[in-house]
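Here are the chains, one letter per residue:
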Amino acid sequence: MDQLQQIKQRIDRLRSALDEHNHRYYVLSQPSVSDFEYDQLMQELINLETRYPEFFDENSPSQRIGSDITKDFQQVVHKNPMLSLANTYSLEELKEFETRAKKIVNEPYEYICELKYDGVSISLSYRNGLLIRAVTRGDGEKGDDVTANVKTIKSIPLKLRGNDYPDEFEIRGEILLPHEGFQKMNEERISRDEPLFANPRNAASGTLKMQNSSLVAKRPLDCLFYSITGNTLPYQQHFENLMKAKDWGFKITQHIKKCRSIDEVLGFVNEWEEKRKSLPFDIDGIVVKINSFDQQSRLGYTAKSPRWATAYKFKAEQVLTRLLSVDFQVGRTGAITPVANLEPVLLGGTTVKRASLHNADQIALLDIRINDLVYIEKGGEIIPKVVGVDKGKRDFHSKPLEYITHCPECGTKLIRLEGEAKHYCPNESGCPPQIKGRLIHFVSRKAMDIGLAEATVAQLYDHDLIKNVADFYSLRKEQLISLERFAEKSAENLIASIENSKKVPFHRVLYALGIRYVGETVAKTLAVEFGSIDAIENATVEKLISVDEIGERIAESINSYFADHENTDCIKRLKEHGLQFQINKAVQKGTTLSGKSLIISGVFSQHSREEIKEIIEQNGGKNVSSVSGNTDFLVAGKNIGPGKLEKAHKYGIPIISEEELLDMIREKKGS
Ligand code: IVH
């Protein structure tokens, strides 16, 4: 054997050893080597692959660490649409499922009961034992090709085991983030001052859509499979095929049960209603399927879902715990949010210590008192909420909770506007959390996009360097260097980023000012309708209301914002620093692109991708994400994806550059 052959052999050995270790670790949860040994084998493989690129294999276990290439996802049409399941919420409805099925299938049948994983569905295609494509559910008909990201999930086999798998098949499953990984991820996000994920499903879905697969590789995603389709499957029953798929390397839970009667099914449902709390990941119900493919096809499908399956959904999980005290938080706008401090309790895999109490009305309605045992539930939000009280266990001497009358931060008397559930602290210019909140909002990504962490903004405020948003533009490097967080380089970067923010378009500056009720959309509307800050300042309430989407509440708020000298002084200073206080004529709302669909691809030189998209919208065009026969233009930047170019050629779609797009808009304006 020559040297090269020996190297190839070593690479092959390393690859199969690492595949085996991955399977044992991620699928079977029975690792047979230490992390250290694993890392050594991986390093040796990576070294050899780097030195001998001729042996590159896209399915090598080393490829699971992802790449940092940024890409748009290609859309792929599903061979078989990804349907949803009919939902039932009561055991009665589950019995009706049986009644309906029995009418059509006049013979004994088997039910398969499975957990309903609460994650993101994925469809994987395998050919000759290799993973060739991973596509998200999308709209059910077509989804995003996320193969590169999916390949980083270690429990998904890139190469199948054994030799009795079909040449071609599709397997579907749910990508999820186990509780432990979710908690760790959010803790890291807290330390980096990044927004938290509300739940593991959102986190999994956000991760899967990340453009940089090497970042995906760092997130502990997992995948559990629940259905296989193909023309040459070994069995004509769902359950038997799934069990076989285990041998090929797929992760299939053992919490799956064949039942012969609906009573057995109900037993499974009841069992998991309680036991789900002990699972390391979220499930939101139980799926019941009829096992035989023949019986499935006799039952058929409705437009959206199969008649041979149904999902019993659990009610949101609740726990009972003690309310220790209530904090009143003051937000950026001065809104007061009551937050419950609880005796720590486990809910949906995470420990909950705090929960939202919404507002004074809700507290009065539920008659929540300190020391009560309260029910906590997780909704779609980050903070769980208090949804009820166990009054039977109430302390005999307890008194109704008294809502605060004065701001806990600055002592100002709180107000409550008509029709609003929340109390407000009206001391906008003197209440520290409101000032800090406005500063943080001002620098945030969708506003001025000055890369500053919340804690740093607070530090600048606490050191008296910044009292209002105009002060950012007077900051000097020497002032920053004297602070704890700053070194020479980071101070320079911040000053540069502040300078750069002077180019931020008017509508975002308007949003950045933090006028109450002027969110991103309202700011855009105002910018387009009025064109400049002066025109908005001078507009009467009536004039403001005459604009679509601007109601009295918004108009009044704008008016009182400009009535306050502190605000107009601040705007004056910002103007002097050169911020954009009128709309850029080149992007004023036009109709040049009315009714046109444009797709952008690649990197642009004059504008960011987001800006190009905005320009298209400002001129009446529509941004689309995939090339089709209905696309009017492809706006091509540098490093454009070859797939998109090819498709554009195929459909005869005109390809234009960034300059040509901008010219097109200017020309029409001038004429
Ligand atoms: S079977 C034809 N089984 O629930 C429908 N789906 O509402 C095939 N899901 O999009 C789906 N666990 O993402 C099936 N054990 C399970 C499931 C499951 C979770 C998800 C799946 C699907 C959605 C349907």
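Above: the structure in question.
Quick look at the structure, then. This structure is a prediction, so every number in the text was calculated from the model and none was measured.

Thresholds, definitions, all that
Residues numbered from 1 in each chain as written. Predicted model: local features only at pLDDT ≥ 70, side-chain atom pairs only at ≥ 80, totals over all residues. Heavy atoms only, no water. Salt bridge = Lys/Arg side-chain N within 4 Å of Asp/Glu carboxyl O. Helix = DSSP H or I, 4+ residues; strand = E, 2+ residues; numbered from the N terminus. Phe/Tyr/Trp six-rings, centres within 6.5 Å; stacked < 30°, edge-to-face > 60°. Buried < 20%, exposed > 50% of the residue type's maximum accessible area, 1.4 Å probe, protein only. Lys NZ or Arg CZ within 6 Å of the ring centre and 35° of its normal. Near = heavy atom within 4 Å. Polar contact = N/O pair within 3.5 Å; in protein donor to acceptor, adjacent residues only side chain to side chain. Areas by Shrake-Rupley, 256 points an atom, 1.4 Å probe, with all protein chains shown as cover. Nonpolar A, V, L, I, M, F, W, Y, C, P; charged D, E, K, R; others polar.

**Comments concerning the pattern of salt bridges**
Reasoning step 1: Taken as a whole and judged by the stated rule, the model has 43 salt bridges.
Reasoning step 2: The residue aspartate 327 makes a salt bridge to arginine 354 at a minimum N-O spacing of 3.3 Å. Separated by 27 residues along the polypeptide, aspartate 327 in strand 12 (residues 318–330) and arginine 354 in strand 14 (residues 350–356) bring together distant segments of the chain.
Reasoning step 3: Close ionic contact of arginine 416 with aspartate 361 constitutes a salt bridge, the shortest N to O distance being 2.9 Å. With a gap of 55 residues between them, arginine 416 in the loop between strand 16 (385–389) and helix 12 (432–443) and aspartate 361 in helix 11 (residues 360–366) connect regions that are remote in the sequence.
Reasoning step 4: Through salt bridges with shared partners, a single network forms among Glu110, Glu240, Lys258 and Arg260.

**What about the packing of aromatic side chains?**
Reasoning step 1: One pass over the structure, following the stated rule, counts 16 aromatic pairs.
Reasoning step 2: Judged by centre distance (6.3 Å) and plane angle (50 degrees), the ring pair of phenylalanine 268 and tryptophan 272 falls under tilted. Taken together, the residues span about one helical turn, with phenylalanine 268 and tryptophan 272 both in helix 9 (residues 262–275) at a distance of four residues. Tryptophan 272 matches phenylalanine 268 in its accessibility class, with the two residues each being buried.
Reasoning step 3: Judged by centre distance (6.0 Å) and plane angle (80 degrees), the rings of tyrosine 312 and phenylalanine 314 are edge-to-face. Both residues of the pair, tyrosine 312 and phenylalanine 314, count as buried.
Reasoning step 4: Taken together, the ring pairs connect Tyr126, Phe169, Phe225, Trp248 and Phe250 into an aromatic cluster.
Reasoning step 5: One residue, lysine 275, lies across the ring of tryptophan 272, its end atom 4.6 Å from the ring centre.
Reasoning step 6: Directly above the ring of tyrosine 517 sits arginine 553, whose terminal nitrogen or CZ lies 4.0 Å from the centroid.

**Some thoughts on the environment of isoleucine 262**
Reasoning step 1: Within the fold, isoleucine 262 resides in helix 9.
Reasoning step 2: Between the alpha carbons of isoleucine 262 and lysine 95 there is a distance of 6.9 Å; along the sequence they are 167 residues apart.

**Topic: unusual backbone geometry**
Reasoning step 1: For asparagine 371, which is not a glycine, the phi torsion comes out positive at approximately 80 degrees.
Reasoning step 2: With respect to the secondary-structure elements, asparagine 371 resides in the loop between helix 11 and strand 15 (373–377).
Reasoning step 3: Take asparagine 371: its relative accessible area is 38%, and that puts it in the partly exposed class.
Reasoning step 4: Positive phi outside glycine occurs at tyrosine 517, with the angle close to 75 degrees.

**Quick notes on the site of the ligand**
Reasoning step 1: Taken together, 14 residues are adjacent to the ligand, and Glu114, Leu115, Ser121, Glu174 and Tyr226 come closest.
Reasoning step 2: In the model, a nitrogen atom of the ligand is placed 3.1 Å from a nitrogen or oxygen of the tyrosine 117 main chain.
Reasoning step 3: Within the side chain of tyrosine 226, a nitrogen or oxygen atom sits 3.1 Å from an oxygen atom of the ligand.
Reasoning step 4: The protein chains hide 88% of the 520 Å² of surface that the ligand would expose on its own.
Reasoning step 5: When residues of the shell around the ligand are assigned to their parent elements, the largest contribution, four residues, is made by strand 3 (residues 111–117).
Reasoning step 6: Here the shell around the ligand is composed, by residue class, of seven nonpolar, two polar and five charged.

**Here we look at the environment of arginine 445**
Reasoning step 1: As for its position among the elements, arginine 445 is in the loop between helix 12 and helix 13 (454–462).
Reasoning step 2: Looking at arginine 445, the relative accessible area reads 61%, which means it is exposed.
Reasoning step 3: As for arginine 445 and leucine 483, which are separated by 38 residues in sequence, their C-alpha atoms are 23 Å apart.

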